[in-house]
Amino acid sequence: MKKVMSLILSMVSGASLAANTDTPLKQAFQQSRVEKNIDVVRSVFLKSELFVVSNPNEKGSFDFLFKKSAKTGRLTVTVAEKEEYLSTVKYPKQKTTGLKLIADLPKEAEITVVYSDGGDYLTQEHLTWYREQENIKPTSKALSENVAVISKPEAANSASDWKYLYFYGLSKSAPELADLPQQMVASLLSMQKIDSALSTGALVEPEYLFNAKGVGAWLVMYALVSLKNEAALNSLKTEGGVLFVPNQYVHNALGKNNNWPKDMLARHEINLKGYHLFILPIVVPSNKSSYTKMSQSLKSPDGNLEIMGIAEFDEKKPEGLLVEIAENIKFIKKERSDLIVK
């Protein structure tokens, strides 16, 4: 993606592809600067036919290809009125209209318009205004896309900066129906003497820990906070504290598709009759990541849910999580007859 970004930036900075560089959209942006009124662009943009840089997905269709926006902490898609303006970008270009693009884009995204000799931007604020004025409703694509997890933040890949922990356990009901409230998660962390963490109360079945793009629950959480409030992440490292990611956001970002390699999943037993196994993901700064193995499990007052232990997830060896779950099931079958359903 970095290569694509550099190509796009070089085009915006002035590579000339044609003698006549004026387009209706470019003229509209020029006029808007004269009048200091971005609304001049609105009607022209909405009816413009555009080519948007895309990325093939595993389902055989295309997702938007996002890159960093000119404004720190934001992401943008790249479009052009003529496909030739994107000729050096080695990714597919999908044809759309300005109106459809605005409806399909998640509200966090921005738009970079590329010409043969420069470019313009439509910011989140501009697009929000356009949607309000034209009563443009988000499509299912816009509602299902999570900008925060399209591109992995560079810092998220640094093993020296962050550790991925998880509590694991079982529930009699579907995990998403047994999500933990913020106060209960805070108590769990306190019991483990974890005083600095990015947490959630979302209980996720092991099969569904990764979305269709291969992004795991931990990175989903990290990316959201990184995009919305990077300073808060830095504060976790230096000052401590707990940041809570809403449960539903995590569920929506992951979906309900099993994206583990089938052969890997087949090697481990991760089902227990009468129960749903779950994972509660936690992201912690590596300098504050010490924890102790739980000496005993924690059971909810109604007996519906039991947290069996805590472990660390290694992105380079994801199968370790399946091993941990399988070992826990063996332990239950051998030592916890009270949990066995005949």
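The sections below set out a description of the structure shown in this document. Note that the coordinates shown come from a computational prediction; the quantities given were computed from them, not determined experimentally.

A few words on the pattern of salt bridges. For the structure shown, the criterion picks out 15 salt bridges. Note that Glu-176 and Lys-256 form a salt bridge whose closest N and O atoms lie 3.5 Å from each other. With a gap of 80 residues between them, Glu-176 in the loop between β8 (162-171) and α7 (182-191) and Lys-256 in the loop between α10 (247-254) and α11 (262-266) connect regions that are remote in the sequence. Its relative accessible area of 33% is what places Glu-176 among the partly exposed residues.

What follows deals with the packing of aromatic side chains. Overall, the coordinates contain eight aromatic pairs when judged by the stated rule. Centre to centre, the rings of Trp-162 and Tyr-222 are 5.3 Å apart; their planes meet at 75°, and the pair counts as edge-to-face. Remark: Tyr-222 occurs in helix α8 (residues 217-228) and Trp-162 occurs in strand β8; sequence separation between them is 60 residues. Trp-162 sits in the buried class, given a relative accessible area of 6%. Using a relative accessible area of 4% as the deciding quantity, one classes Tyr-222 as buried. When the centroid spacing of 6.1 Å and the interplanar angle of 50° are considered together, the rings of Phe-210 and Phe-313 count as tilted. Within this pair, whereas Phe-210 is found in the loop between β9 (196-200) and α8, its partner Phe-313 is found in strand β13 (residues 305-313), the two being separated by 103 residues in sequence. We note that Phe-210, like Phe-313, is buried. Each residue in the set Tyr-164, Tyr-166, Tyr-168, Phe-210, Trp-218, Trp-260 and Phe-313 is aromatic and connected to the rest through ring pairs, giving one cluster.

Reading guide: rules and limits
Residues numbered from 1 in each chain as written. Predicted model: local features only at pLDDT ≥ 70, side-chain atom pairs only at ≥ 80, totals over all residues. Heavy atoms only, no water. Salt bridge = Lys/Arg side-chain N within 4 Å of Asp/Glu carboxyl O. Helix = DSSP H or I, 4+ residues; strand = E, 2+ residues; numbered from the N terminus. Buried < 20%, exposed > 50% of the residue type's maximum accessible area, 1.4 Å probe, protein only. Phe/Tyr/Trp six-rings, centres within 6.5 Å; stacked < 30°, edge-to-face > 60°.

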